[in-house]
Amino acid sequence: MKRKISYFRLFLTMMQISAFTFGGGFVIIGMMQKKFCDELHWVKEDEVLDMTAIAQSAPGALAVNSAIIFGYRMGGITGALVSTLAVIIPPIVIISVVCQIYDVFSTNRIVQIALQVMRAGVAAVIVDVVMDLAGKVIETKDAINIVLMVLAFIASWICGISSIQIILFFLMLGIVRYFLERKKVAQ
Amino acid sequence: MIFVELFLVYLQIGAFSFGGGYAAMPLIQSLCVDGKHWLTTGEFADLTTIAEMTPGPIAVNSATFIGQKMAGLPGAIVCTIACILPSLLIVLLLAYLYGRFSELAVVKKVLGQLRPAVVAMIASAGMTILILALTQGSTGSWIPVHPVELIVFLLCLFLLRKKKCGPIQIIFLSAVLGTAAYLLI
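Let me begin by describing the structure that accompanies this report. Since the structure is predicted, the reported quantities are computational estimates derived from the model, not experimental observations. (Residues numbered from 1 in each chain as written. Chains lettered and ligands numbered in written order. Predicted model: local features only at pLDDT ≥ 70, side-chain atom pairs only at ≥ 80, totals over all residues. Heavy atoms only, no water.)

Between chain B and chain A, the contact holds 81 residues from the first and 97 residues from the second. For Arg161(B), the salt bridge identified is with Asp128(A), shortest N-O distance 2.6 Å. Linking chain B with chain A are 14 residue pairs in polar contact (both at pLDDT 80 or more). Sorting the residues of the side of chain B that touches chain A by element identifies helix 1 (2–16), helix 3 (41–53), helix 4 (58–101), helix 5 (105–135), helix 6 (147–163) and helix 7 (167–184) of chain B as the ones contributing at least two each. Broken down by element, the side of chain B that touches chain A gets its largest block of residues, 27 residues, from helix 5 of chain B. (Contact = heavy atoms within 4.5 Å. Salt bridge = Lys/Arg side-chain N within 4 Å of Asp/Glu carboxyl O. Polar contact = N/O pair within 3.5 Å; in protein donor to acceptor, adjacent residues only side chain to side chain. Helix = DSSP H or I, 4+ residues; strand = E, 2+ residues; numbered from the N terminus.)

Structural data, given as structure tokens:
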């Protein structure tokens, strides 16, 4: 299961991702997919999606949970600890500094502008990742899954249904579909 | 002993905040503002703003904010460790099980079923941040799209798709280009 990975590289990459990722847990998943799957080839695309689903089903922040499971998958317990440490250092440092200079930080025009336009860059990264991932789901030509993907998107984005509820629903659906197919094979 | 109290409160926040940062906020409020009076309502509002403006998960950001305020840097570290400890134990167990049983037919089928859902949720997060970027958070209306953000977004997407640029470079580039454009206009 262990791949040839460098803990130092893992630490640095995870720290960069944590320091630059605005916009919540699923954004960080997109960044990890880009770095660890597309660039470094330490994990496969399917594994990324599996691990995200697992990370989402545990309590705690998705970013931290996915750092733990990605780290473990790539480098065992040591990998998990290295990657967890890397993901929490930037928030500790950034928040400690921002607390000291909150007034400057929240009123400075350049800081405001930079934070605003950075979102456009983050959005581009996520759109890029989604185009790849959705493309893979469409390529399977499994019509049910394609429809379900669109429905899940509508449920999440338009109806605002929480991701944990969506995951639970798909989990049950997966179990039902498994037993239905097994029944069909048995007959 | 403040460190023990901080540790226990953040252990609860870490263990019971299912479903991301915005689910953690009410829990943090009830424990740290209403329960322990570590923060005033005004400070909690500041915390929310800071957590939104900075990278990093909201729960972890709040751990540093509250720990720092109550007991300096050691407090921040104690809160952060307490906050991630439940995740670490539970996720490691799940990761181990995944490694062991991911080849089982039923596990394969169920995880395969979850994939379209995960893609949809990443897409949903992407749409939210894209609209936030293009409209500068002026909610409700699509129309006031800001041209600088739109150009930066399209340029970044082009560089990612065609030139295979790294994501960190892209985000950095967007900050530099966008800020320069605003200052020049």
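Our next topic: the packing of helix 8 (residues 163–186) of chain A against helix 5 of chain B. The contact between helix 8 of chain A and helix 5 of chain B brings their axes to 8 Å, and the two run at 145°. In the packing of helix 8 of chain A onto helix 5 of chain B, the handedness of the crossing is right-handed. Each of Ser163(A), Ile166(A), Ile167(A), Phe170(A), Leu171(A), Leu173(A), Gly174(A), Ile175(A), Arg177(A), Tyr178(A) and Glu181(A) in helix 8 of chain A lies in contact with helix 5 of chain B, whose residues at this interface are Ala105(B), Val106(B), Lys109(B), Val110(B), Gln113(B), Leu114(B), Ala117(B), Val118(B) and Met121(B). Class assignment for the residues of the contact of helix 8 of chain A with helix 5 of chain B results in 14 nonpolar, three polar and three charged. (Axes fitted to C-alpha atoms, helices over the stretch in contact; angles between N-to-C directions. Left-handed = near helix turned anticlockwise from the far one by under 90°. Nonpolar A, V, L, I, M, F, W, Y, C, P; charged D, E, K, R; others polar.)

Here we come to the pattern of salt bridges. Applying the stated criterion to the full structure yields 14 salt bridges over all chains. We note a salt bridge from Lys136(A) to Glu45(A), for which the minimum N-O separation is 2.8 Å. Taken together, the positions of Lys136(A) in helix 6 (residues 109–139) and Glu45(A) in helix 3 (residues 45–57) put the pair 91 residues apart, joining distant regions of the chain. Here Lys109(B) makes a salt bridge to Glu181(A), at a shortest N to O gap of 3.0 Å.

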